[in-house]
Number of protein chains: 2
Amino acid sequence: MSTSTAPHPVRRIVVVGGVAGGMSAAARARRLDEHAEIVVLEQSDYVSFASCGLPYHLSGEIAERGSLLLHTPQSLAAALALDVRTGSRVTAVDTAARTVTVVTADGRYTLGYDALLLAPGAVAVRPAVDGLDHPAVHSLRTVPDLDALGGRVTQLLTGRAADAPAPTAVVVGAGFIGLEAVEALTARGLRVHLVELADHVLPPLDPELAPLLADELRAHGVGLHLGVAAQRVAPRGEDGSVTVTLSDGTELPADVVVVNVGVRPASDLARDAGLALGPTGAIRVDADQRTSDPHVWAVGDAVEVTQAVTGAVGPVPLAGPANRQGRRAADSMVGHRTTPQAPVLGTAIVRVFGLTAAVTGPNQAALTRAGLDHEVVRIHPAHHAGYFPGAEQIHLVATFAPDGRLLGAQAVGRDGVDKRIDVLATALRAGMTADDLAELELAYAPPYGSAKDPVNMLGFVAQNVLDGTTPQWHPADLDAARADTLVLDVRSPGEFARGHVPEALNVPHTELRGRLDEVRAAAAGRPVSVHCASGVRSHIATRVLLQAGLDARNLSGGWLTLSAVHPSLAQPAATPRTAA
Amino acid sequence: MSTSTAPHPVRRIVVVGGVAGGMSAAARARRLDEHAEIVVLEQSDYVSFASCGLPYHLSGEIAERGSLLLHTPQSLAAALALDVRTGSRVTAVDTAARTVTVVTADGRYTLGYDALLLAPGAVAVRPAVDGLDHPAVHSLRTVPDLDALGGRVTQLLTGRAADAPAPTAVVVGAGFIGLEAVEALTARGLRVHLVELADHVLPPLDPELAPLLADELRAHGVGLHLGVAAQRVAPRGEDGSVTVTLSDGTELPADVVVVNVGVRPASDLARDAGLALGPTGAIRVDADQRTSDPHVWAVGDAVEVTQAVTGAVGPVPLAGPANRQGRRAADSMVGHRTTPQAPVLGTAIVRVFGLTAAVTGPNQAALTRAGLDHEVVRIHPAHHAGYFPGAEQIHLVATFAPDGRLLGAQAVGRDGVDKRIDVLATALRAGMTADDLAELELAYAPPYGSAKDPVNMLGFVAQNVLDGTTPQWHPADLDAARADTLVLDVRSPGEFARGHVPEALNVPHTELRGRLDEVRAAAAGRPVSVHCASGVRSHIATRVLLQAGLDARNLSGGWLTLSAVHPSLAQPAATPRTAA
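Residues numbered from 1 in each chain as written. Chains lettered and ligands numbered in written order. Predicted model: local features only at pLDDT ≥ 70, side-chain atom pairs only at ≥ 80, totals over all residues. Heavy atoms only, no water.

Examining the confidence of the model for chain A
Detailed reading of predicted coordinates is not advised where the pLDDT is low. Residues and elements named next belong to chain A. Across chain A, the average pLDDT comes to 95, with 97% of residues at 70 or higher. In the model, residues 1-8 has pLDDT below 50 throughout and makes 19 contacts with residues more than four positions away in sequence or in other chains. Note that residues 573-580 has pLDDT below 50 and, in this model, 14 contacts with residues that lie over four places away or in other chains. Overall fold confidence (pTM) sits at 0.96, and the ipTM for the predicted complex is 0.96. (pLDDT = per-residue confidence, 0-100. Contact = heavy atoms within 4.5 Å.)

Have a look at this one:
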C-alpha cells in the first residue's frame, strides 16, 4: 500500500488559534505532511486546553488544574514538530501578500503563509447590564476566566466561621455553561441564584422538558429567576459584594456574579481581511472549510454552518464539529481527500446535578420557525428493564415529519439519556424514519436496556400517530380539551385522587370495556381526550374507544408531561370527580 | 384523523407461546382489533415472564421472584381482553381444518383459528455428556429451571459452618447465559468453574477481546477450562455432589452443574404441521412473518432470519427481534400496514462482573467464512474525556469493507460500551461508512464522552487505513513481523521495559525524527512494523517513516491487543533491547 498524500507545494501552514479546531488541524496537517512548516499562533498563554472541562475544575471534581492543559508548546514540538507560539495575537491578515501580522509582548512581526487557517473561536456576548465591569463579575470561557473566578470563590470560602451564611452567587444565563457554573458553585457550597431571560432554563430544550431541570435546580437550593433580565450590578459592601437588580425589581445580593449569555463569532480579523462573512457575522466557508480566499481556511465557533433539517445558517459553537472541521481543513490544505462537511445537528448535552439533558436536531420552536410540519411524540420509558434494580425514567421527546422522517429529539433523565440521544443523533444523520427507529436492533440485557428500547418505543408511537392508528392531543391543547371534549383519565382511582384535570372523568383502563356506555353518555357527541400517566394505558383505551365508534385521541406524554407544563394541575383537586 | 385499521374478517387469533414474541403479538393484535377473539396457549404455568432476568434473580440482584412475572392471565384479560391459557400445550396443527389440538392437565381439546401465530421459542441443546440426568445438573432458561437451580443453591448455602469451604459449581458453556450464570453463582458465594469447548469465552466475541473477559472471570475466582468438553457427570458423594470429567482429563468436583450450550428452534410442531422449515430446522417465514401456510405466522427463536452483512440464514435467539417480529405478525394478521423485517444484526450484550461485552453484526470469523474482504480497526479510547475523573478504557474492534462500509463492531469495557455498540448498531443498519462514522455528531460534555468520540475515532482510523494513509499490521502477523521486518516500538523506555517483542527496537515517538538514520539502518531494507500501546503514537511514527521513504505500517490495536493475543509477551524480557 502507498500513502495517498501526494507531495504538495505547501511550505508554511499558519494556524491562528491553538484550541479545538485549530490544534486538530495542526496535528492532522503534520501527520499528513512531514515536510511543511506548521506555525500555531495563540493569543493566550495556553493551547489545547480543555475548554469544556473548566466548570469541573471550578467545582473541584477535576482536582488538578494541570489536567485541563492537554498539551504544551513543548510537548507539541516533540511529538508533532509544531512551532506553537503562545502570547501571539494576530492583528491583521494580508491575503494578497499572504502574510499575517503577529503581536507579542516583545513587539510585532510579519509572518508569511502558504495556507492560513483561522480558528479564532468566539467571544462572550456582553449583555446590556449596568456595572458589568465590577470585579465581582466573572465569565467562564478561558483558563484566565477560571483562575479569576476560582480564586474569588476560594477567597470567599477561606477563613469563614463554620456557622457563617454561605456566600452567594448570581449566575446570569441558564444555557449549557451557565448550568454547569451553577452546579459547580453549588458544589463549592455557595448559595446560587440563576437568572434567565427566557421563560425556561436551557432555552434550546423544549419547554415541556425544562421543568424537570428547574425542579432539580430547586431541589439543590438554586433560586430560579426565569423570564427576567439582569439590569444592574451595583457595589454593595466593602467586601466586594454587589447587588444584582432584575427586571422584575428583585434585588439579589451576591458575592460573585457569573455571566454567560452566549457567544458571537470572533470574526473581526476575517472581516478586516476582506473575507466573506454571513449575515450572522460568522466566516463563510465551503464544504472543505475554505473561505472566500483560496489560501485561507476557517473552522470552529467563528464559522458559518448549515443546520440539519431546518437549513438555518449560522455559527454553532460546539467542540465536536470544531474538531472535525479542523481535521477537514488540514486535509484540504495539504491536498488530501476530504470528507465534506455535513449539516450540523447541534447535538449537545449537560449534566445538572443528578439529571442529564441532551438534544439533537432542531427543537419544536425551530421547526415551527422554519415552517416545517411535524408531529411530536413524548414518552417516559425506563432506561433499562423495569424489573431490574435502579431503572430510571427517561423523558424523551422526538419530532417527526409527516412522511415519518425523524427531525429532532430531546431527553432528560437520571441515566441512559446520553445513549438514547447518541442513537437518535445517528439515526437523524442517516435520515431514518419512525419505521426505522421501530426496527433498530439495540443491545439488550436487563442492566442495559429493554427488549423494546426507548428508541424503538419512539418509533412505535410515531408509527401509530403518523398512520392514524392512534391520533393524539397535546399538553398545549388543554384549554380546548377541557372546553370542547370529554377529558377521560384512565389511570387508577388512586392516581386520579393525587391530581387530575378538573373536568376529567376517571375510568381505569381495565374497566373501560365494561363502561363504554357511560363514557359515550359523558362524551355526549364530543370527542374524547384520553390520558393516563405516560400514554401507554391511554393508548389501549384510545384504541378501544375508536373501535367503539368514538372520536378519541391520546394525550402525548400523558399526565407526566401535562402536569409539567401546567404545574397548577399537580395540586390535588378538592373534590375528585370519580364516576359512580 | 381516522384509524387505518380496516375491519378484517379475522374472528379468532390463536397464539402458541405466551412470552416475548407471542405476547407482543397478542397485545398488538388486541390494540388493532377490538373485535377478534384472541387466545394465547402457553404450555408452562407462566406467561410474559422476564426470561432475560432469570440470572439476576438467581444472583439475588432482583430480590423478588414476582418481579420477573410481568403479567398474569388475569392482568392480560383485564387490560387487553386476552384469553390466556397456561398449562396448555399444543400438540398438533391441522392447517387444512385450521385447528390446533390443545393438551391440558384435564385432557385435550381442539380449537379452531382464523389466524395462527406460532411462537414456540427454542429448546436447550443437550450436549453429549454422560450423566446429564443427575439431579445436580440444571439449566437456566425457564422459571421452573430457575426455581430448581435457585433451590439447590439455597440448600447448599443453608446451615453451613462459617468456615466451611464454598460449595462448587461447574458451568458448561461460556455463552451469554452461561456467563450470566457464572456471575450469579459467584455472587451467591459459590466457587465456580466454567467449561467452554471453544478456545475463548463468549464465542461470538472476536478472540482478541475475549482475554479481557477471561481476566475478569479469573479475578473473581472463576476457574476457566477453555478448549475442552465436559464428558461425564458422575455421582460423587451422598450429599448429591458430582464429579465432572473434562476431555483433558480434569476432574471437577461440583455441588451443582449448570449446562447452557445453546438452543435449537422448537419447530417440531411446525414441521409436523407440514410448514416449510429451513436447513437449520427453523421455521421459514416471509418479511411479514407468514409461514408457508397463508393462515399461519411464526416469530421468535423458532424462525429463520437473514443475518445482516453476511446474508447467512438461520435462527437468532434474541429478545429484541422476537418482540418486533410479534408486533409485525400482529399487523399482518389483522391486515394493518407492516414494517417488513430487516436483516438481523445480532446485537447482543452481557455483563461479566465489572465488564460489559457487546457485539453487533458479524464477527471476524463470520466475515471470513462468508468470504467478505474486510479491514479490522482496533482502538482503546477512554469512555469519556480522559481528564474527567473515572475515565475507563473501551476496547473497540470494528470491521469495514474495502469501500468503507461498516460491517460489524464489538466492544469490551467497564463503562460506555452499551452506548457505543448501540450507536454502531444504528450506523450498521443505516449502511454507514468510515466517513460517516468520522462525521457523526454525538453528545459531548466531559462526563459523557469526548469531542472526538470513540465512534468518531473508529471512523478516523478506518479512513486512514482504507485510503492508504496509514497501512496496518495485525496481532496475528506477529511471527512474520518478527521474522521479516523491523519491529519498532515507539513507546517510552519505561513502557518498553515492562514487556515488549523480543526483537523490537525501542525509539520513543518523540525522538523518532532525530533518529531516522538509526531506524533506517536497523531496518536494513526490510519493512518496519511499528507499534505503541494503543496505536495513537505509532500512527504519528508510521506517518513520519512513510514520508521518510520507509515501508512502514502501524499495529492495529497496539501493544494492548498484541499482548492480549500473545500473553507470553506480557512477561518482561530478561534483557530489554534499547537502542544506544
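Quick word on the relation of the copies chain B and chain A
Take chain B, turn it by 180 degrees, move it 0.0 Å along the axis, and it overlays chain A with an RMSD of 0.0 Å. Overall, the copies show the geometry of a two-fold rotation axis. When you check the interface residues of chain B against chain A, 100% turn up at the interface there too, and the contact is symmetric in its surfaces. (Least-squares fit on C-alpha atoms with pLDDT ≥ 70 in both.)

Things to note about the sheet that holds strand E5 (residues 99-104) of chain A
Residue and element names in this part refer to chain A. Strand order in the open sheet made by the 3 strands is E4-E5-E6, with antiparallel pairing throughout. Only two strands of the sheet have a single partner each, and these edge strands are strand E4 (89-94) and strand E6 (107-112). Between one strand and the next, the sheet's axes are offset by a mean angle of 20 degrees, whatever the strand orientation. Of the pairings in the sheet, the one linking E5 to E6 comprises 6 bridges and is antiparallel in character. Across the sheet, residue Val103 finds its bridge partner in E6, namely Arg108. (Pairing = 2+ DSSP bridges. Helix = DSSP H or I, 4+ residues; strand = E, 2+ residues; numbered from the N terminus. Axes fitted to C-alpha atoms, helices over the stretch in contact; angles between N-to-C directions.)

Concerning the interface of chain B and chain A
Listed by partner, the interface residues are 93 residues for chain B and 94 residues for chain A. Taking both sides of the interface into account, the surface hidden between chain B and chain A amounts to around 8200 Å²; carbon and sulfur atoms contribute 56%. In terms of surface lost to chain A, no three residues of chain B exceed Arg324(B), Tyr387(B) and Glu441(B), which account for 10% of the buried area on that side. Between Glu441(B) and Arg429(A) there is a salt bridge, and its shortest N-O distance comes to 3.7 Å. At 8 residues, helix H10 (residues 417-429) of chain B tops the list of elements feeding residues into the side of chain B that touches chain A. Taken together, the residues of the side of chain B that touches chain A break down into 45 nonpolar, 25 polar and 23 charged. (Buried area = accessible area lost by both parts, 1.4 Å probe. Salt bridge = Lys/Arg side-chain N within 4 Å of Asp/Glu carboxyl O. Nonpolar A, V, L, I, M, F, W, Y, C, P; charged D, E, K, R; others polar.)

Examining the nonpolar core
If you look at the biggest cluster of nonpolar residues, it comprises 77 residues, and the most contacted ones within it are Val100(A), Leu118(A), Leu194(A), Leu213(A) and Leu217(A). The contact partners of Leu118(A), leaving out residues within four places of it in the chain, are Val16(A), Leu269(A), Ala270(A), Leu275(A), Ile283(A), Val296(A), Trp297(A), Ala298(A) and Val299(A). The next biggest cluster of nonpolar side chains, apart from the first, holds 62 residues, and it includes Phe400(A), Val417(A), Ala427(A) and Val423(B). (Core = buried A, V, L, I, M, F, W, Y, C linked by side-chain atoms within 4.5 Å. Buried < 20%, exposed > 50% of the residue type's maximum accessible area, 1.4 Å probe, protein only.)

A look at the environment of Pro204(A)
Structurally, Pro204(A) can be placed in the loop between strand E11 (191-196) and helix H6 (210-219). Measuring from C-alpha to C-alpha, the distance between Pro204(A) and Ala187(A) comes to 25 Å, with 17 residues separating the pair along the chain.

Concerning H10(B)
Residues and elements named next belong to chain B. Relative to the 18 Å expected for 13 residues at 1.5 Å per residue, H10 spans 18 Å between its end C-alpha atoms, a close match to the ideal helical length. Judged by how many residues are buried, H10 sits mostly within the fold: 12 of 13 residues are covered. Those residues of H10 lying buried are Val417, Asp418, Lys419, Arg420, Ile421, Asp422, Val423, Leu424, Ala425, Thr426, Ala427 and Leu428. At the exit of H10 stands Gly431, carrying a positive phi of roughly 75 degrees. (Expected span 1.5 Å × (residues − 1).)

Let's talk about the sheet that holds strand E29 (residues 528-531) of chain B
Residues and elements named next belong to chain B. Spatially, E26-E30-E29-E27-E28 is the arrangement adopted by the 5 strands of the open sheet, whose pairing is parallel. Two strands in the sheet have a free side with no partner beyond their single neighbour: strand E26 (472-473) and strand E28 (505-506). Its contacts with the sheet place helix H15 (residues 516-523) against strand E27 (486-489), E28 and E29, and it is angled at close to 150 degrees to E27.

A word on the domain arrangement of chain A
Residues and elements named next belong to chain A. You can read the domains of chain A as domain 1 (12-122 + 264-334), domain 2 (137-261), domain 3 (354-466) and domain 4 (472-570). Each of domain 1 and domain 2 has a C-alpha centre, and these two points are 31 Å apart. Taken residue by residue, the interface counts 13 residues in domain 1 and 16 residues in domain 2. Both faces considered, domain 1 and domain 2 share a buried interface measuring about 1300 Å² in area, 69% of it formed by carbon and sulfur atoms. If you sort the residues of domain 1 by the area they bury against domain 2, Leu54, Pro55 and Leu58 come out on top, with a joint share of 49%. Inspection of the domain 1/domain 2 interface yields 1 salt bridge. A salt bridge links Arg65 to Asp147, with the shortest nitrogen-to-oxygen separation between them at 2.9 Å. Put simply, domain 1 and domain 2 have 4 residue pairs in polar contact (both at pLDDT 80 or more) between them. Among the elements that make up the side of domain 1 that touches domain 2, the one with the highest residue count is helix H2 (residues 54-58) (5 residues). (Domains from an automatic or database assignment. Polar contact = N/O pair within 3.5 Å; in protein donor to acceptor, adjacent residues only side chain to side chain.)

Thoughts on the packing of helix H16 (residues 536-547) of chain A against helix H1 (residues 20-32) of chain B
With their axes 8 Å apart at the nearest point, H16(A) and H1(B) run at an angle of 40 degrees to one another. Our classification of the angle between H16(A) and H1(B) gives oblique. In this structure, H16(A) contributes His539(A), Ile540(A), Arg543(A) and Gln547(A) to the contact, and H1(B) contributes Arg30(B), Arg31(B) and Leu32(B). Looking at the contact of H16(A) with H1(B) residue by residue, the classes come out as 2 nonpolar, 2 polar and 3 charged. (Parallel < 35°, antiparallel > 145°, perpendicular 65-115°, else oblique.)

Topic: the packing of aromatic side chains
Following the criterion strictly, the structure yields 2 aromatic pairs over all chains and no others. Each ring, one from Tyr56(A) and one from Phe388(B), has its centre 5.1 Å from the other, and the planes form 90 degrees; the classification is edge-to-face. Of the two residues, Tyr56(A) sits in helix H2 while Phe388(B) sits in the loop between strand E23 (375-379) and strand E24 (394-400), which places them in two different chains. Phe388(B) shares its class with Tyr56(A); the two are buried. (Phe/Tyr/Trp six-rings, centres within 6.5 Å; stacked < 30°, edge-to-face > 60°.)

Thoughts on the pairing of strand E10 (residues 168-172) of chain A
All names here are of chain A. When you tally the buried positions in E10, you get 5 out of 5 residues, the bulk of the element. Following the backbone out of E10, through helix H5 (residues 176-187) and into the adjacent parallel E11, one traces a crossover that is right-handed. The pairing of E10 with strand E16 (residues 256-259) spans 4 bridges and is classified as parallel. Note that in E16 the partner of Val172 across the bridge is Val259. (Right-handed = clockwise from strand over helix to strand, strands pointing away.)

As for the pairing of strand E12 (residues 223-226) of chain A
In terms of strand pairing, E11(A) meets E12(A) through 4 bridges, oriented parallel. Residue pairing for E12(A): His193(A) is matched across the bridge by Gly223(A).

A short note on the side chain of Asp418(A)
The topology assignment puts Asp418(A) in helix H10 (residues 417-429). Its relative accessible area of 16% is what places Asp418(A) among the buried residues. Among residues more than four places away in sequence, those in contact with Asp418(A) are Ile349(A), Lys419(B) and Tyr448(B).

Quick look at the pattern of salt bridges
Inspection of the entire model under this criterion finds 56 salt bridges over all chains. Across the pair Asp467(B) and Arg337(A) runs a salt bridge whose closest N-O atoms are separated by 3.7 Å. Of this pair, Asp467(B) sits in the loop between helix H12 (454-466) and E26 while Arg337(A) sits in the loop between helix H8 (319-334) and strand E21 (348-352), on two different chains. Owing to a relative accessible area of 37%, Arg337(A) belongs among the partly exposed residues under this scheme. Here the residues in one salt-bridge network are Glu61(A), Glu183(A) and Arg351(A), joined through shared partners.

A short note on the environment of Ala214(A)
All names here are of chain A. As for its position among the elements, Ala214 is in helix H6. Looking at Ala214, the relative accessible area reads 5%, which means it is buried. Separated by 13 residues in the primary sequence, Ala214 and Val201 have C-alpha atoms spaced 6.7 Å apart.

Here we look at unusual backbone geometry
Not every positive phi belongs to a glycine, and Ala524(A) is a case in point at roughly 50 degrees. Tracing the backbone through its elements, the reader meets Ala524(A) in the loop between helix H15 (516-523) and strand E29 (528-531). Accessibility expressed as a relative area gives 58% for Ala524(A), which makes it exposed. Look at Ser48(B): it is not a glycine, yet its phi comes out positive at around 45 degrees.

Topic: helix H5 (residues 176-187) of chain B
Residues and elements named next belong to chain B. The terminal C-alpha atoms of H5, which comprises 12 residues, lie 17 Å apart, in line with the 16 Å expected from a rise of 1.5 Å per residue. The buried fraction of H5 amounts to 9 of the 12 residues, a majority that puts the element mostly inside the structure. What H5 keeps buried is the set Gly178, Leu179, Glu180, Ala181, Val182, Glu183, Ala184, Leu185 and Thr186. With its phi angle positive at about 105 degrees, Gly189 sits one or two positions after the end of H5.

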